[in-house]
Amino acid sequence: CDRDAVRMRRAFYNPLGIPLQNMTLLHHGREYPATQTNMFDDLKEAAGQVGDDGILFFSFSGHGIQTSDNSTVLVPADGTGSLATSLRANHIETAIQTTKAKYTVMILDCCHAGTIAQELSIHDLPSDTQRFILAACSSA
């Protein structure tokens, strides 16, 4: 998962020329790991910084699980698989709700990505915005 995160960053930095200061890389083994708090806070901060002519991009490579109460969640570096330590679709929605970005792009490279994508795409969006979600697997 860590190598995937680094490669994703490199893919956007090198050919597309997106400045490194416009990207935050969270992953295990770094001084700034992909914990639940860091993921939520950084996504919320990025959402607030993107202007109406920008694109909010979020990529997750890791574990996705279905909990005992049938919730589907992303498991951050400090996650134990419980709801209390995971990132649910509604957490992501809360983090990005303030964005002015016309486009929001998410890549979910984890098990149960299709279910999480469905949960993220059902919310009403302003008519001038679009959301694109690429999921590593279907919800079925």
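Residues numbered from 1 in each chain as written. Predicted model: local features only at pLDDT ≥ 70, side-chain atom pairs only at ≥ 80, totals over all residues. Heavy atoms only, no water.

Looking at the overall build of the protein chain
Across its full length, the protein chain holds four helices and six strands. Traced from its N-terminal end to its C-terminal end, the protein chain shows the element sequence α-α-β-β-β-β-α-β-α-β. Counting all 140 residues of the protein chain, 36% fall into the buried class. Of the contacts made within the protein chain by residues no fewer than 6 positions apart, 60% connect residues no fewer than 24 positions apart. Carbon and sulfur atoms make up 50% of the accessible area of the protein chain, which amounts to about 8300 Å² in all. (Helix = DSSP H or I, 4+ residues; strand = E, 2+ residues; numbered from the N terminus. Buried < 20%, exposed > 50% of the residue type's maximum accessible area, 1.4 Å probe, protein only. Contact = heavy atoms within 4.5 Å. Areas by Shrake-Rupley, 256 points an atom, 1.4 Å probe, with all protein chains shown as cover.)

Describing the side chain of serine 71
Positionally, serine 71 belongs in the loop between strand 2 (63-66) and strand 3 (72-75). Among the residues examined, serine 71 registers a relative accessible area of 8% and is labelled buried. Engagement of the side chain of serine 71 in a polar contact is seen with the side chain of arginine 88, the distance being 3.2 Å. Excluding residues within four positions of it along the chain, serine 71 makes contact with Ile65, Gln66, Leu83 and Arg88. (Polar contact = N/O pair within 3.5 Å; in protein donor to acceptor, adjacent residues only side chain to side chain.)

Things to note about the sheet that holds strand 4 (residues 87-88)
Across the sheet, three strands lie side by side as 2-3-4; this open sheet has antiparallel pairing. Of all the strands in the sheet, the pair left with one neighbour each is strand 2 and strand 4. (Pairing = 2+ DSSP bridges.)

Let's talk about the packing of aromatic side chains
In this structure the tally under the stated criterion is one aromatic pair. On the basis of an interplanar angle of 35° and a centroid distance of 6.2 Å, the ring pair of tyrosine 103 and phenylalanine 132 is categorised as tilted. With tyrosine 103 in strand 5 (residues 103-109) and phenylalanine 132 in strand 6 (residues 130-135), this residue pair connects regions lying 29 residues apart in the sequence. (Phe/Tyr/Trp six-rings, centres within 6.5 Å; stacked < 30°, edge-to-face > 60°.)

As for the packing of helix 2 (residues 36-49) against helix 3 (residues 89-96)
It is the contact of helix 2 with helix 3, at a shortest axis distance of 7 Å, that shows an interaxial angle of 35°. Taken together, the residues of helix 3 that come into contact with helix 2 (itself represented by Gln36, Phe40, Leu43, Lys44 and Ala47) are His91, Ile92, Thr94, Ala95 and Ile96. A per-class count over the contact of helix 2 with helix 3 returns six nonpolar, three polar and one charged. (Axes fitted to C-alpha atoms, helices over the stretch in contact; angles between N-to-C directions. Nonpolar A, V, L, I, M, F, W, Y, C, P; charged D, E, K, R; others polar.)

A few points about the state of the cysteines
When the sulfur atoms of two cysteines share a covalent bond, that bond is a disulfide. Taken as a whole and assessed by the stated rule, the structure comprises zero disulfides. Cysteine 111 takes part in no disulfide bond, and the closest cysteine sulfur to it belongs to cysteine 137, at a distance of 6.0 Å. (Disulfide = S-S within 2.5 Å.)

Examining the packing of helix 3 against helix 4 (residues 113-121)
Running from N to C, helix 3 and helix 4 cross one another at 45°; their axes reach a closest spacing of 9 Å. Overall, the two elements helix 3 and helix 4 adopt an arrangement that is oblique. As for the relative orientation of helix 3 and helix 4, their crossing is right-handed in sense. Only Ile116, Glu119 and Leu120 of helix 4 make contact with helix 3, whose side of the interface consists of Ala89, Ile92 and Glu93. (Parallel < 35°, antiparallel > 145°, perpendicular 65-115°, else oblique. Left-handed = near helix turned anticlockwise from the far one by under 90°.)

Concerning the nonpolar core
Counting 22 residues, the largest nonpolar core has Phe58, Leu74, Ile92 and Leu108 as its most contacted members. Among the secondary structure elements, those contributing two or more residues to this core are helix 2, strand 1 (55-61), helix 3, strand 5 and helix 4. When near neighbours in sequence (up to four residues on either side) are disregarded, leucine 108 contacts Phe58, Phe60, Leu74, Ala113, Ile116, Ala117, Leu120, Ile133, Leu134, Ala135 and Ala136. (Core = buried A, V, L, I, M, F, W, Y, C linked by side-chain atoms within 4.5 Å.)

Function cannot be inferred from these measures alone, as they are strictly geometric.
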